[in-house]
Amino acid sequence: MMAWLSIVLVVFGNVLYHLGQRSIPREANPVAATLAAYLVAFIATLATIPFLAHGVALGSAWRTLNWSTLLVGTGIVAVELGFLLAYRSGWLLGNASLTANAAVAVALLLLGALIFREPLSATRVSGIGLCLAGLWLVTRS
């Protein structure tokens, strides 16, 4: 049950995210918009503490983090600025997200196989082919 609820949360968050990114005024500075979004994200994260961090000493939890947190933070900033600039350069709402997510899916399937030894079956390779075909179809118009 939690596996599907977590995916619903991801979908809900992505829909809010893309609607918000697409609606940021053109005259708004991209860095100021990103900083403001992070302030909201910080407050929203603090609000989750009673639900997701109960019984956890946050002070000691910091010691369990490693270099991967730097990758996540850098990735978040790249995604935020990338989508904002993509929408400003004329990408359509559905095309930008679909194009980026199809490309990410292909990259992560390959990286998962190379780095984490995740299985790369004929079905998964076929999925990569379908992603690339969909990407080609979406970006044609």
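Everything here concerns the structure above.
Below or above, wherever it landed, is the structure these notes cover. Computed from a prediction, not measured in an experiment: that's the story for all the values here.

1. Describing the environment of Y38
Okay, so step 1: The topology assignment puts Y38 in helix α2 (residues 30-52).
Okay, so step 2: On the accessibility criterion, Y38 (28% relative accessible area) is partly exposed.
Okay, so step 3: Taking the C-alpha atoms as reference points, Y38 and V77, 39 residues apart in sequence, are found 9.5 Å from one another.
Okay, so step 4: Side-chain polar atoms of Y38 contact the backbone nitrogen of V77, separated by 3.4 Å.

2. Description of a nonpolar patch on the surface
Okay, so step 1: Taken together, the side chains of L39, F42, I43, L46, I49, V56, L58, W62 and L65 make up a nonpolar region of the molecular surface, amounting to roughly 910 Å² of accessible area.
Okay, so step 2: Inspection of the secondary structure assignment puts L58 in helix α3 (residues 58-61).
Okay, so step 3: L58 sits in the partly exposed class, given a relative accessible area of 40%.

3. Some remarks on the packing of α2 against helix α4 (residues 68-88)
Okay, so step 1: Between α2 and α4, the shortest axis-to-axis distance is 11 Å and the interhelical angle comes to 130°. Our classification of the angle between α2 and α4 gives oblique. The crossing of α2 and α4 is right-handed. For the pair formed by α2 and α4, the contact residues are P30, A33, T34 and Y38 on the first element and I76, V77, E80, L81, L84, L85 and R88 on the second.
Okay, so step 2: Class assignment for the residues of the contact of α2 with α4 results in eight nonpolar, one polar and two charged.

4. Let's talk about unusual backbone geometry
Okay, so step 1: Residues other than glycine seldom take positive phi values, yet R117 does so here, at roughly 60°.
Okay, so step 2: Examined against the element boundaries, R117 turns out to sit in the loop between α5 (93-116) and α6 (122-140).

5. Points about the packing of helix α1 (residues 2-23) against α4
When two helices pack together, their arrangement is given by the angle between the helix axes and by the axis-to-axis distance.
Okay, so step 1: For the pair α1 and α4, interaxial distance at closest approach is 9 Å and the crossing angle is 50°. One element, α1, and the other, α4, form an angle in the oblique class. For the pair α1 and α4, the crossing hand works out as right-handed. Contacts between α1 and α4 involve Y17, H18, Q21 and R22 on the former and, on the latter, V79, E80, F83, L84 and Y87.
Okay, so step 2: Taken together, the residues that form the contact of α1 with α4 break down as five nonpolar, two polar and two charged.

6. Re the packing of aromatic side chains
Okay, so step 1: Inspection of every chain in the model, using the stated rule, returns two aromatic pairs.
Okay, so step 2: When the ring of Y17 is compared with that of F83, the centres are 5.9 Å apart and the planes differ by 75°; the resulting orientation is edge-to-face. One end of the pair, Y17, is in helix α1; the other, F83, is in helix α4, and 66 residues separate them in sequence.
Okay, so step 3: Each ring, one from F83 and one from Y87, has its centre 6.0 Å from the other, and the planes form 25°; the classification is stacked.

What counts, and where the lines are drawn
- Residues numbered from 1 in each chain as written.
- Predicted model: local features only at pLDDT ≥ 70, side-chain atom pairs only at ≥ 80, totals over all residues.
- Heavy atoms only, no water.
- Helix = DSSP H or I, 4+ residues; strand = E, 2+ residues; numbered from the N terminus.
- Buried < 20%, exposed > 50% of the residue type's maximum accessible area, 1.4 Å probe, protein only.
- Polar contact = N/O pair within 3.5 Å; in protein donor to acceptor, adjacent residues only side chain to side chain.
- Patch = residues over 30% accessible without salt bridge, like charges linked within 9 Å, V, L, I, M, F, W, Y side chains within 5 Å.
- Areas by Shrake-Rupley, 256 points an atom, 1.4 Å probe, with all protein chains shown as cover.
- Salt bridge = Lys/Arg side-chain N within 4 Å of Asp/Glu carboxyl O.
- Axes fitted to C-alpha atoms, helices over the stretch in contact; angles between N-to-C directions.
- Parallel < 35°, antiparallel > 145°, perpendicular 65-115°, else oblique.
- Left-handed = near helix turned anticlockwise from the far one by under 90°.
- Contact = heavy atoms within 4.5 Å.
- Nonpolar A, V, L, I, M, F, W, Y, C, P; charged D, E, K, R; others polar.
- Phe/Tyr/Trp six-rings, centres within 6.5 Å; stacked < 30°, edge-to-face > 60°.

No statement about biological role is implied by the geometric values presented.
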